[in-house]
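# A closer look at the structure
Residue-level listing of the chains:
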Amino acid sequence: MAEIKACLFDLDGVIVDTAKYHFLAWGRLCKEFGYELSEEENENLKGISRAESLNILLRKAGKEASEAEKQEMMARKNGWYLDHVNAMKPDEILPGVKDFMEALRQKGIRIGLGSASKNALPIVEKIGVLPYLEVVIDGNKVTRGKPDPQTFSLGAEAIGVEPRHCVVFEDAVAGIDAALAGGFFAIGVGKPEILGHAHKVIPGFQDVKLSIFDDLET
Ligand code: B16
Ligand code: MG
């Protein structure tokens, strides 16, 4: 049985369902490009940085854009996204997350955030999760996005725990890839048919106990 000393949580889709707001905001931009963003395509944007997501959508639309045009598109998309975020209520934290973090804290298991989002800080503050987080690694701190392991490696380093003693919770394929590439245990939050390459997959944190770590083997 592996000894788990720390947990790194992704944000969007794991702690809070802001993924639906990203989907709405990207969808609005795609409409301007002349097509409807599907939920399936959106799956591939999860965990991917804003700039890389835009590149993927422009390619799909067969459109070219200058750096200045891309900046303008990203600013607009982020404005629409923030309209949703600003209207968020603290109860939008996903079920079971706080209880699970409380259980980790009581056991002395350290907690950090590993998100691609540049908006992570105001969101965790808004939903009351910030006090649980010893470390926040977000899109402003990384130079290489997921599936590169940098987000989680920086988190583990800042906490001072080796990846083999650390569990990453992720809802995105790119995030699970990042965790595995960095030598972490990866627990997928979502559907096994999408996240099947993780060490295990849970549908969410409701009723999840620390015994979830019991069968994690190195
Ligand atoms: P922002 P995570 C990711 O957050 C989202 O999954 C992804 O859809 C988004 O494009 C990315 O953050 C960047 O977000 O535009 O707010 O900087 O899942 O890594 O917490
Ligand atoms: Mg996510």
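Bear in mind the structure is a predicted one, so any value in this text is a computation, not a measurement.

### Overview of the state of the cysteines
Under the defined criterion, the tally for this structure stands at 0 disulfides. Cysteine Cys166 remains unbridged, with the sulfur of Cys7 as its closest cysteine sulfur at 6.8 Å.

### Some details on the sheet that holds strand S1 (residues 6–9)
If you walk across this open sheet you meet the 6 strands as S3-S2-S1-S4-S5-S6, and the pairing is parallel. With partners counted over all chains shown, the strands left at the sheet margins are strand S3 (135–137) and strand S6 (200–202), one partner each. Geometrically, the sheet is characterised by an average inter-axis angle of 25° between neighbouring strands, direction not taken into account. By the bridge criterion, 4 bridges tie S1 to strand S4 (residues 166–170) in an arrangement that is parallel. Bridge pairing in S4 links Ala6 to Cys166. Here helix H7 (residues 150–159) sits on the sheet in contact with S1, strand S2 (110–114), S3 and S4, set at roughly 160° to S3. The sheet strands contacting helix H8 (residues 173–181) are S4 and strand S5 (185–189), and the helix crosses S5 at an angle near 170°.

### Quick notes on helix H4 (residues 67–86)
With 20 residues, H4 extends 28 Å from end C-alpha to end C-alpha; this agrees with the ideal 28 Å at 1.5 Å per step. Along H4, the residues that are buried comprise Lys70, Met73, Met74, Lys77, Asn78, Trp80, Tyr81 and Val85. Each buried residue of H4 lies within a common arc of 160° when the element is viewed along its axis, so the set occupies one face. Turned more than 90 degrees from where H4 packs its buried face, Ala68, Asp83 and Asn86 sit exposed. Against helix H1 (19–33), helix H3 (50–61) and helix H6 (120–126) lie the buried residues of H4.

### A closer look at the pairing of S2
Residues in a regular strand project their side chains so that they alternate between the two faces of the sheet. In terms of burial, S2 is a largely internal element, 4 of the 5 residues being buried. Taken together, the 4 bridges between S1 and S2 define a ladder with parallel strand orientation. Paired with Leu8 across the two strands is Gly112, which belongs to S2. Pairing between S2 and S3: 3 bridges, direction parallel. In the sheet register, Gly112 faces S3, and the bridge partner there is Val135. Between S2 and its parallel partner S3, the chain crosses via H6, and the hand of that crossover is right-handed.

### Description of the pattern of salt bridges
Considering all chains together, one arrives at 13 salt bridges under this definition. Across the pair Glu102 and Arg105 runs a salt bridge, and its minimum N-O distance is 3.7 Å. Here Glu102 pairs with Arg105, and both are found in helix H5 (residues 97–107), just 3 residues apart, close to one helical turn. Since its relative accessible area comes to 26%, Glu102 is described here as partly exposed. Salt-bridge contacts for Glu170 lead to Lys146; the nearest nitrogen and oxygen are separated by 2.7 Å.

### Quick notes on the site of ligand 1
Inspection of the region around ligand 1 gives 17 residues, with Arg50, Ser115, Ser117, Lys118 and Asn119 positioned closest. Between ligand 1 and Leu11 there is a distance of 3.2 Å, counted from an oxygen atom to a backbone nitrogen or oxygen. Here an oxygen atom of ligand 1 and a side-chain polar atom of Ser117 are 2.6 Å apart. Taking 470 Å² as the accessible area of ligand 1 by itself, protein coverage stands at 98%. Residues of the shell around ligand 1, tallied by class, amount to 4 nonpolar, 6 polar and 7 charged. The residues that make up the shell around ligand 1 include at least three from each of domain 1 (6–16 + 91–213) and domain 2 (19–85).

### What to know about the domain arrangement of the chain
Along its sequence, the chain is organised into domain 1 (6–16 + 91–213) and domain 2 (19–85). Measuring from the centre of the C-alpha atoms in domain 1 to the corresponding centre in domain 2 gives 24 Å. Facing 12 residues of domain 1, the contacting portion of domain 2 comprises 13 residues. Among the residues domain 1 hides against domain 2, the three largest losses belong to Asp12, Glu92 and Asn119. Together they make up 33% of the total. Inspection of the domain 1/domain 2 interface yields 0 salt bridges. Our count for the contact surface shared by domain 1 and domain 2 stands at 4 residue pairs in polar contact (both at pLDDT 80 or more). Considering only residue class, the side of domain 1 that touches domain 2 consists of 5 nonpolar, 1 polar and 6 charged.

Conventions and cut-offs
- Residues numbered from 1 in each chain as written.
- Chains lettered and ligands numbered in written order.
- Predicted model: local features only at pLDDT ≥ 70, side-chain atom pairs only at ≥ 80, totals over all residues.
- Heavy atoms only, no water.
- Disulfide = S-S within 2.5 Å.
- Pairing = 2+ DSSP bridges.
- Helix = DSSP H or I, 4+ residues; strand = E, 2+ residues; numbered from the N terminus.
- Axes fitted to C-alpha atoms, helices over the stretch in contact; angles between N-to-C directions.
- Contact = heavy atoms within 4.5 Å.
- Expected span 1.5 Å × (residues − 1).
- Buried < 20%, exposed > 50% of the residue type's maximum accessible area, 1.4 Å probe, protein only.
- Arc of directions from axis to C-beta.
- Right-handed = clockwise from strand over helix to strand, strands pointing away.
- Salt bridge = Lys/Arg side-chain N within 4 Å of Asp/Glu carboxyl O.
- Near = heavy atom within 4 Å.
- Polar contact = N/O pair within 3.5 Å; in protein donor to acceptor, adjacent residues only side chain to side chain.
- Areas by Shrake-Rupley, 256 points an atom, 1.4 Å probe, with all protein chains shown as cover.
- Nonpolar A, V, L, I, M, F, W, Y, C, P; charged D, E, K, R; others polar.
- Domains from an automatic or database assignment.
- Buried area = accessible area lost by both parts, 1.4 Å probe.

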